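Each chain is listed here by its residues.
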Amino acid sequence: MSFDKVDILGVKVDSPTMGQAVETVQGFIEKGDSTLIATANAEMIMRATYDEELKTILNAADLVVPDGAGTVWAAGYLGHPMPERVAGYDLSQELMKLAPEKNQRIYFFGSAPGVADMAKKKAEEWYPGINIVGTRNGFFTADDEPQIIADIKAAKPDILFVALGVPKQEKWLYAHLKELEVPVSIGVGGSFDVMAGVMQRAPLWMQRAKLEWLFRGLKQPSRIGRLMALPKFVLKVMGSKK
């Protein structure tokens, strides 16, 4: 399934609905090739304006979903309305929900020590029968990488969720995509932290009001500097309109 791509500050973002994104991922799994899925929010796109390596990776990804109200707004402002936001956290949950009936294997890699294990327990509560075939925290050195890759390959997951933060997760996956031999790899940022209860997600009303960024800033004052990328993103998008 292919979608219209919207060029937002040099990053080409697909415009699927959540259902279409899930269907596309299922197609990737059935095909069996190594594919990379990116979840592009405003902060990631803004970073790609000065991080050429990240921009190259995003434009080479097999699917780039609009993760964030800012991305959807930008597409509409530029004259290419998107049907909806496809948040990385929600996409991961939809895929896990389907995994038991499709007998799909999942691997969690990333976050602080113990967090992926806690997220695994939550997933097993929420999605009975889910088969999470391995977990590994995100603290490692270059010397650890061969063993990490070997462990993931040995577990033979259909989906690899990687929570190393942007842009580390995208760069790590892109560098090792072929040797991992996993049909679908997705960078999921703080998703394990939310699942494990380490980090709270914005209430539904704030998500619907497109205020998730504000909630994160209030909960994690250390993120305020990063969130300043949002007004810069808006101004840059407005300046890019022809």
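Below or above, wherever it landed, is the structure these notes cover. The residue numbers shown here count from 1 along each chain, following its written sequence. For this predicted model, a pLDDT threshold of at least 70 governs which residues receive local features, and a threshold of 80 or more governs which side-chain atom pairs are given and counted, while totals over whole chains, interfaces and linings are taken from all residues. Processing note: side-chain calculations cover all non-hydrogen atoms of the structure and skip hydrogens and water entirely.

### Some words on the side chain of Asp 14
Part 1 of the reasoning: We count a stretch as a helix when DSSP gives it H or I for four or more residues in a row; a strand needs E for two or more, and each element gets its number in order from the N terminus. Within the element layout of this structure, Asp 14 appears in strand β2 (residues 11-14).
Part 2 of the reasoning: By relative accessible area, which is 3% here, Asp 14 ends up buried.
Part 3 of the reasoning: Pairing of N or O atoms within 3.5 Å defines a polar contact, subject to two protein rules: one partner must be a possible hydrogen donor and the other a possible acceptor, and residues neighboring in sequence count only if both atoms are side-chain atoms. For Asp 14, the side chain forms a polar contact with the side chain of Lys 5, separated by 3.0 Å.
Part 4 of the reasoning: When checking whether two residues touch, look at their non-hydrogen atoms; a contact exists if any pair is within 4.5 Å. With sequence-adjacent residues up to four places away left out, Asp 14 is seen in contact with Phe 3, Asp 4, Lys 5, Leu 63, Val 64, Pro 66 and Met 82. Relative accessibility decides the category of a residue: with a 1.4 Å probe and only protein chains considered, values under 20% of the type maximum give buried, values over 50% give exposed, and everything between is partly exposed.

### Details of the packing of helix α1 (residues 18-31) against helix α5 (residues 88-102)
A pair of packed helices is characterised by two quantities: the angle between their axes and the separation of those axes.
Part 1 of the reasoning: Lines fitted to the C-alpha atoms define the axes, with helices restricted to the stretch that makes contact. Angles between their N-to-C directions range from 0 to 180 degrees. With their axes 10 Å apart at the nearest point, α1 and α5 run at an angle of 50 degrees to one another. On the basis of their axis angle, the class for α1 and α5 is oblique. Handedness of the α1/α5 crossing: right-handed. Contacts from Met 18, Ala 21, Val 22, Val 25 and Gln 26 in α1 reach Asp 90, Leu 91, Glu 94, Leu 95, Leu 98 and Lys 102 in α5.
Part 2 of the reasoning: Asp, Glu, Lys and Arg are counted as charged, while Ala, Val, Leu, Ile, Met, Phe, Trp, Tyr, Cys and Pro are counted as nonpolar; the rest, among them Gly, fall into the polar class. Each residue belonging to the contact of α1 with α5 can be placed in one class, and the counts come to seven nonpolar, one polar and three charged. Working definition: roughly parallel below 35 degrees, roughly antiparallel above 145 degrees, roughly perpendicular at 65 to 115 degrees, and oblique for all remaining angles. Here a crossing is taken to be left-handed if its near helix is turned anticlockwise relative to the far helix by less than a right angle, and right-handed if that turn runs clockwise.

### Let's talk about the nonpolar core
Part 1 of the reasoning: Grouped together as the largest cluster of nonpolar side chains are 41 residues, with contacts concentrated most on Ile 8, Phe 109, Ile 152, Leu 160, Trp 172 and Phe 233.
Part 2 of the reasoning: Element by element, the count of residues in this core is highest for helix α2 (residues 42-48), at five residues.
Part 3 of the reasoning: Those residues in contact with Leu 160, other than ones at most four positions away along the chain, are Tyr 107, Phe 109, Ile 152, Leu 173, Leu 180, Val 182, Val 184, Ser 185 and Ile 186.
Part 4 of the reasoning: Side-chain atoms within 4.5 Å are what join buried Ala, Val, Leu, Ile, Met, Phe, Trp, Tyr and Cys residues into a set we call a nonpolar core. Counting 35 residues, the second largest nonpolar core, distinct from the first, contains Phe 28, Leu 63, Leu 91 and Ile 159.

### Side note on helix α3 (residues 52-60)
Part 1 of the reasoning: Of the positions making up α3, those classed as buried are Leu 54, Lys 55, Ile 57 and Leu 58. The buried residues of α3 occupy an angular sector of 165 degrees when the element is viewed end-on, so they sit on one face.
Part 2 of the reasoning: Structurally, α3 contributes buried residues whose contacts are with β2, β3 (35-40), α2, β4 (63-66) and α8 (168-180). Here the arc refers to the set of directions running from the helix axis out to each C-beta atom.

### Concerning unusual backbone geometry
Leave glycine aside and you will find that most residues have negative phi; peptide bonds, for their part, are mostly trans.
Part 1 of the reasoning: Looking along the chain, the bond that leaves Val 166 and enters Pro 167 is cis, with omega of 5 degrees.
Part 2 of the reasoning: Inspection of the secondary structure assignment puts Pro 167 in the loop between β7 (159-163) and α8.
Part 3 of the reasoning: In this structure, Leu 9 takes a positive phi of about 55 degrees despite not being glycine.
Part 4 of the reasoning: Look at Leu 9 and you get buried, because its relative accessible area is 15%.
Part 5 of the reasoning: Even without a glycine there, the phi angle at Asn 103 is positive, about 55 degrees.
Part 6 of the reasoning: Locating Asn 103 in the fold gives a position in the loop between α5 and β5 (105-110).
Part 7 of the reasoning: Taking relative accessible area as the criterion, Asn 103 reaches 64% and is therefore assigned exposed.

### Some words on the pairing of strand β6 (residues 131-136)
Part 1 of the reasoning: Pairing between strands is defined by DSSP: at least two bridges between them are needed. Here β5 runs beside β6; their pairing, made up of five bridges, is parallel. Across the sheet, residue Phe 108 finds its bridge partner in β6, namely Thr 135.

### Here's the deal with the environment of Gly 187
Part 1 of the reasoning: By the secondary structure assignment, Gly 187 is in strand β8 (residues 184-187).
Part 2 of the reasoning: Judged by relative accessible area, Gly 187 falls into the buried class, the value being 2%.
Part 3 of the reasoning: If we skip the residues at most four places from it in the chain, Gly 187 touches Ile 37, Thr 39, Val 162, Gln 169, Glu 170 and Leu 173.

### Here's the deal with a nonpolar patch on the surface
Part 1 of the reasoning: A cluster of nonpolar side chains, contributed by Trp 73, Val 234, Leu 235 and Met 238, occupies part of the molecular surface with about 360 Å² of accessible area.
Part 2 of the reasoning: Ranked by the residues each element gives to the nonpolar patch, the list is headed by helix α13 (residues 229-240), at three residues.
Part 3 of the reasoning: Inspection of the secondary structure puts Trp 73 in helix α4 (residues 69-77).
Part 4 of the reasoning: Under the relative-accessibility criterion, Trp 73 is labelled partly exposed at 33%. Grouping into patches uses exposed residues only, defined as over 30% relative accessible area, and leaves out salt-bridged ones; the cut-off is 9 Å for like charges and 5 Å for nonpolar side chains (Val, Leu, Ile, Met, Phe, Trp, Tyr). Residue-level accessible areas treat just the shown protein chains as cover; the underlying method is Shrake-Rupley with a 1.4 Å probe. One speaks of a salt bridge when a side-chain nitrogen belonging to Lys or Arg is within 4 Å of a carboxyl oxygen belonging to Asp or Glu.

### Here we look at the packing of helix α7 (residues 145-155) against α8
Part 1 of the reasoning: Where α7 meets α8, the axes come as close as 11 Å, and the angle between the chain directions of the two elements is 50 degrees. Taken together, the axes of α7 and α8 are oblique relative to one another. Our pair here, α7 against α8, has a crossing hand that is right-handed. Within the contact between the two elements, α7 uses Glu 145, Ile 148, Ile 149, Ile 152 and Lys 153 and α8 uses Trp 172, His 176, Glu 179 and Leu 180.
Part 2 of the reasoning: Taken together, the residues that form the contact of α7 with α8 break down as five nonpolar, one polar and three charged.

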